[in-house]
Amino acid sequence: MKFKLFSLRSIRSKLVAILSILFVVVCIGMGLISYNTSSKALKDNSDNMLPTLATNAAIALQNFIDGKFESLNITANNIGEAEYSIDRIIMLEEQMIKGNYLMLGIAETTGFLESSNGMQVRITNEDYFQRALQGENVVTEPVPDDFIDPSRLVSVYALPIYTNEEVTGVLIGLRPAEELFSFINNIRFGETGTAFMVNEKGDMICHPEISLVESKVNYIEEALEDHSLQRLADTLTDMTNGNVGVSQYYYDGVERYTGYAPVQGTGWSIAVTGYKDEILSGLTSLRNTAIVVSILFLVIGIAVATVLANNITRGITAIVKNITYMADGDLSKEVPNKYLSQKDEIGILARSIETTQNSFKRMLEAIKNSSSSIDGQAENLSAISEEITSASENVTATIQDVAKGAASQAESLNSIMETLSEFSNDLNEIANSIQGIDKNANSISLMTEDSNKNIQSLMTSSKDISQSFGQFSRKINEFNDNVKQINDISQLINNIADQTKWLRYPQEVFEENL
């Protein structure tokens, strides 16, 4: 079943789910961080511990070799002071028995060696002999025993014999190679950790597998053909350079950690190696512990989240229930006092709901008290509506009358326009008559010089002028009457306009009066 967080309906479920996921992420994150940190710390510890172990082993081996040289140096000094060869042989026999040497011998500067058991050989071409003649203390890697038993491996110790501060010979001592093998094999690291040692060429000179020593295996050379040995060859190359370090490589199909350090004064280098799985085996138990602890803390976290969610949502659930009652119109349910007294957001929400509930109660009480007043006002509004309806009817009748008066007024205006038109025509005729009078007056001025014959015509013209002035007087009187009618009509139009203004806003007038 596919899990969907948002399909959860209740806040409690969502809160528990979210906190659980948070705890899971935190536990997994902390587990991974602690595992990676511990793994890195363990690797760093191994990187530091393996080279340190190899360094300590190299120092111990160097001290072991130096101890052998110390005892041989005492013997060499005694031999250098001895006057007779018989005394030297006796000293060699005593030291051989005391120091568990396979053989002790004195080589002359010519390379001729005489041993404590009477054996005489020439070692002129041996490298350890030539280096001892130069004043060095020399120890060889395990080599076949060319003096007594070639089938066994021995370590050859060679150091100069001084007489009067001059090298007069070389003291040679043979010790079994098992000393070195045992020393290296005793270096352990865990259950699978071992040690080995190579020379300056990378040849294997000490190893738990003795066959590798006998055949002087050199993995640096073998890596030229077998590339799977390259990381091992790189490690051996770094060892032959006399460095201290740590590396990882595969050998026999197993990944190994190796720390190495040089053995001073020998050209050798010791490596301490162990299986990676064993070295990091602590990580397995650490991982299992981290998983168990993470699961334990996860369970505790989920339990704490559940309790916390219950404490948070309990108050919310109670308040939601109270809101539901309010939504259904039931204001009798009160918020529990224990939530009202809380100082957190739940308390704030509870007090807000209580305030809202009280506000609703007061509002409903006020509505109830004002319902009777609203009924009376409704009756008054009904009466006013009837009066407005009656007034509207009167206004309608008045508008109809005004419309009729407007039509009559339009007819009167048309009549006035016709009268004015006639008056205009009369004025034109008067103007023409005045022009005629002017012409007649001019004619009279001319006729005064004529004969009496024209006097009769003058009298006739005077009568015509008198008649014209009479008509002009009558036209002037009619014009005055028309002007008075125009003034009356204008007054009537103004009165109608005033009445129309009052009719245009009847309802507002009535509302203002109400």
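Please refer to the structure placed before this passage.
Digging into the overall build of the protein chain
- In terms of regular secondary structure, the protein chain is built from 13 helices and 12 strands.
- Per-residue burial over the protein chain gives 30% buried out of 514 residues.
- Across the protein chain, contacts joining residues at least 24 apart in sequence account for 54% of those joining residues at least 6 apart.
- Total accessible area on the protein chain stands at roughly 31900 Å², and carbon and sulfur atoms take up 54% of it.

Section: the sheet that holds strand β12 (residues 268–275)
- The 5 strands are arranged β9-β8-β12-β11-β10 in an open sheet whose pairing can be described as antiparallel. Either end of the sheet is taken by a strand with one partner, and the two such strands are β9 (204–206) and β10 (245–251). Pairwise comparison of adjacent strand axes, ignoring direction, gives a mean angle of 35° for this sheet.
- Where β10 meets strand β11 (residues 254–263), 7 bridges bridge the pair, whose relative direction is antiparallel. From the neighbouring strand, S247 faces β11, where its bridge partner is T258.
- Strands in contact with helix α4 (residues 178–185) are β8 (194–198), β9 and β12; relative to β9, the strand with the most contacts, it is inclined by about 85°.

Concerning helix α7 (residues 230–240)
- Regarding α7, the residues found buried are L232, A233, T235, L236 and M239. All buried residues of α7 lie within an arc of 160° about the axis, which places them on one face of the element.
- In this structure, the buried side of α7 is in contact with β8, α6 (219–222), β10, β11 and β12.
- A positive backbone phi angle near 75° is found at G242, which sits one or two residues after α7.

Focus on the layout of surface pockets
- The space that makes up the largest pocket amounts to roughly 490 Å³.
- What lines the largest pocket is a set of 24 residues, and nearest its centre among them are D127, Y128, T140, E141 and V143.
- Elements represented by at least two residues in the lining of the largest pocket include exactly β3 (120–122), α3 (127–133), β4 (138–139) and β5 (143–144).
- No other element matches α3, which puts 3 residues into the lining of the largest pocket.

Overview of α4
- Those residues of α4 that fall on the buried side of the exposure criterion are L180, F181 and I184. One face of α4 carries all of its buried residues, which in axial projection span an arc of 100°.

Here's the deal with the pairing of β12
- A large share of β12 lies buried, amounting to 7 of its 8 residues.
- Sheet topology places β11 next to β12; 8 bridges connect them, and they run antiparallel. Within the sheet, the bridge partner assigned to Y260 lies in β12 and is A271.
- Joining the antiparallel neighbours β11 and β12 is a turn of 4 residues, in which G265 adopts a positive phi near 80°.

Thoughts on the packing of aromatic side chains
- One pass over the full model with this rule turns up 3 aromatic pairs.
- Centre to centre, the rings of F69 and Y157 are 5.5 Å apart; their planes meet at 70°, and the pair counts as edge-to-face. Within this pair, whereas F69 is found in helix α1 (residues 11–81), its partner Y157 is found in strand β6 (residues 153–163), the two being separated by 88 residues in sequence. Each member of the pair, F69 together with Y157, is buried.
- Where Y219 meets Y251, the ring centres are 5.7 Å apart and the plane angle is 80°; that geometry is what we call edge-to-face. With a gap of 32 residues between them, Y219 in helix α6 and Y251 in strand β10 connect regions that are remote in the sequence.
- For Y219, a relative accessible area of 7% translates into the label buried.
- By relative accessible area, Y251 is classed as buried at 13%.

Here's the deal with the side chain of S269
- With respect to the helices and strands, the residue S269 is situated in strand β12.
- Within the structure, the side chain of S269 is placed 3.2 Å from the backbone oxygen of A261, a separation counted as a polar contact.
- What S269 contacts, discounting residues up to four positions off in sequence, is F196, M197, V198, M239, Y260, A261, P262 and V263.

Cut-off values and rules
Residues numbered from 1 in each chain as written. Predicted model: local features only at pLDDT ≥ 70, side-chain atom pairs only at ≥ 80, totals over all residues. Heavy atoms only, no water. Helix = DSSP H or I, 4+ residues; strand = E, 2+ residues; numbered from the N terminus. Buried < 20%, exposed > 50% of the residue type's maximum accessible area, 1.4 Å probe, protein only. Contact = heavy atoms within 4.5 Å. Areas by Shrake-Rupley, 256 points an atom, 1.4 Å probe, with all protein chains shown as cover. Pairing = 2+ DSSP bridges. Axes fitted to C-alpha atoms, helices over the stretch in contact; angles between N-to-C directions. Arc of directions from axis to C-beta. 1 Å grid on protein atoms, 1.4 Å probe; cavity = no way out; pocket = protein on both sides within 12 Å on 5 of 7 lines; lining within 4 Å. Points joined across faces, edges and corners; volume = space filled by probe spheres on them. Phe/Tyr/Trp six-rings, centres within 6.5 Å; stacked < 30°, edge-to-face > 60°. Polar contact = N/O pair within 3.5 Å; in protein donor to acceptor, adjacent residues only side chain to side chain.

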